[in-house]
Amino acid sequence: PMPALTAATVARELRPAATVAVIGATGAIGAFLLPALAGRVPTIIATAEAEQRDAVMGRGATDTLAYRSADPHAELRRRYPDGLDAVVDLVASGDGLRESAALLRPGGQLVSTLFGPTAEELGGDLVVSYVQLSAQPGDLEAAGRAAAAGLAGPAIARVWDFDEAAAAVNQALTGKQVVRISADR
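Because the structure is a prediction, the values reported are computed rather than measured.

### Regarding the nonpolar core
Stage number 1. Counting 28 residues, the largest nonpolar core has L14, V20, V22, L33, L34, L37 and V88 as its most contacted members.
Stage number 2. Elements represented by at least two residues in this core include exactly α1 (2-13), β1 (19-23), α2 (28-37), β2 (43-47), β4 (84-89) and α7 (139-148).
Stage number 3. V20 has contacts with L14, V41, T43, I44, I45, A86 and V88, leaving out every residue within four places of it along the chain.
Stage number 4. Counting residues in each nonpolar core, the second largest holds 15 residues, with I23, A101, L103 and L122 among its members.

Quick look at the structure:
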């Protein structure tokens, strides 16, 4: 439940915004964050590769961009030259968040579950929020409803048979992999 509760915390921390990029949308927190933002944020751009696109679009993203085959920061700069209202970066930490902060328009918000520079250190008119899990009544129930409806949870890239486990380990960087162990083994 920790990723789901952290996602609820991030969603509460996010100020009203029209355009939000979620970097790490296919990870554990991102998988619960997208449905929490859906209906609240008109444009949600999620990092996802082609095989993950349908999953993140079904969870509330309105657009996707690749993170392995392209530089997501460069693509966001190209698509949104005037900047974004908010970036939720669930991947970078420390100085790595500077690249995400640079995507924001003046007054924009950077949200991270990790740590990094202050707004003053980033040198712009930005709001910077570093959040940790802070559950409130109803958060777990809401996450459970989203998961039961198929709107949240891990985006599984592939299910492998047990005799393919070594190949599954080699593919671990391309999304969540599941190894099936049958009862007769």
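So much for the structure itself; the text now carries on.
### Examining the pattern of salt bridges
Opposite charge on two side chains permits them to pair, given that their charged atoms come into close proximity.
Stage number 1. Applying the stated rule across the entire model yields seven salt bridges.
Stage number 2. Two residues, E75 and R79, come together in a salt bridge whose shortest N-O distance is 2.8 Å. Placement of both E75 and R79 in helix α4 (residues 72-79) is noted, with a separation of four residues, approximately one turn of the helix.
Stage number 3. Connected through salt bridges with shared partners, the residues D63, E75, R78 and R79 form a single ionic network.

### Some points on the pairing of β1
Stage number 1. Most of β1 is tucked away: five of the five residues are buried.
Stage number 2. Residues of β1 alternate between two faces, with T19, A21 and I23 on one and V20 and V22 on the opposite face, all of them buried.
Stage number 3. Sheet topology note: the β1/β2 ladder contains four bridges and is parallel. Opposite V20, over in β2, you have I44 as the bridge partner.
Stage number 4. In this region the chain leaves β1, passes through α2 and returns to the parallel neighbour β2; the handedness of that crossover is right-handed.
Stage number 5. Pairing geometry for β1 and β4, over four bridges, is parallel. When the bridges of β4 are listed, A21 appears paired with V87.

### Observations regarding α2
Stage number 1. Counting buried residues along α2, eight of its 10 residues qualify, which places the element largely inside the surrounding structure.
Stage number 2. Along α2, the positions that sit buried rather than exposed are I29, G30, A31, F32, L33, L34, P35 and L37.
Stage number 3. Looking at the buried residues of α2, the elements they touch are α1, β1, β2, α3 (53-58), β4 and α7.
Stage number 4. Remark: G39 follows α2 within two positions and exhibits a positive phi of approximately 90 degrees.

So, how was this worked out
Residues numbered from 1 in each chain as written. Predicted model: local features only at pLDDT ≥ 70, side-chain atom pairs only at ≥ 80, totals over all residues. Heavy atoms only, no water. Core = buried A, V, L, I, M, F, W, Y, C linked by side-chain atoms within 4.5 Å. Buried < 20%, exposed > 50% of the residue type's maximum accessible area, 1.4 Å probe, protein only. Helix = DSSP H or I, 4+ residues; strand = E, 2+ residues; numbered from the N terminus. Contact = heavy atoms within 4.5 Å. Salt bridge = Lys/Arg side-chain N within 4 Å of Asp/Glu carboxyl O. Pairing = 2+ DSSP bridges. Right-handed = clockwise from strand over helix to strand, strands pointing away.

Everything listed here is a matter of geometry and, on its own, says nothing about what the molecule does.
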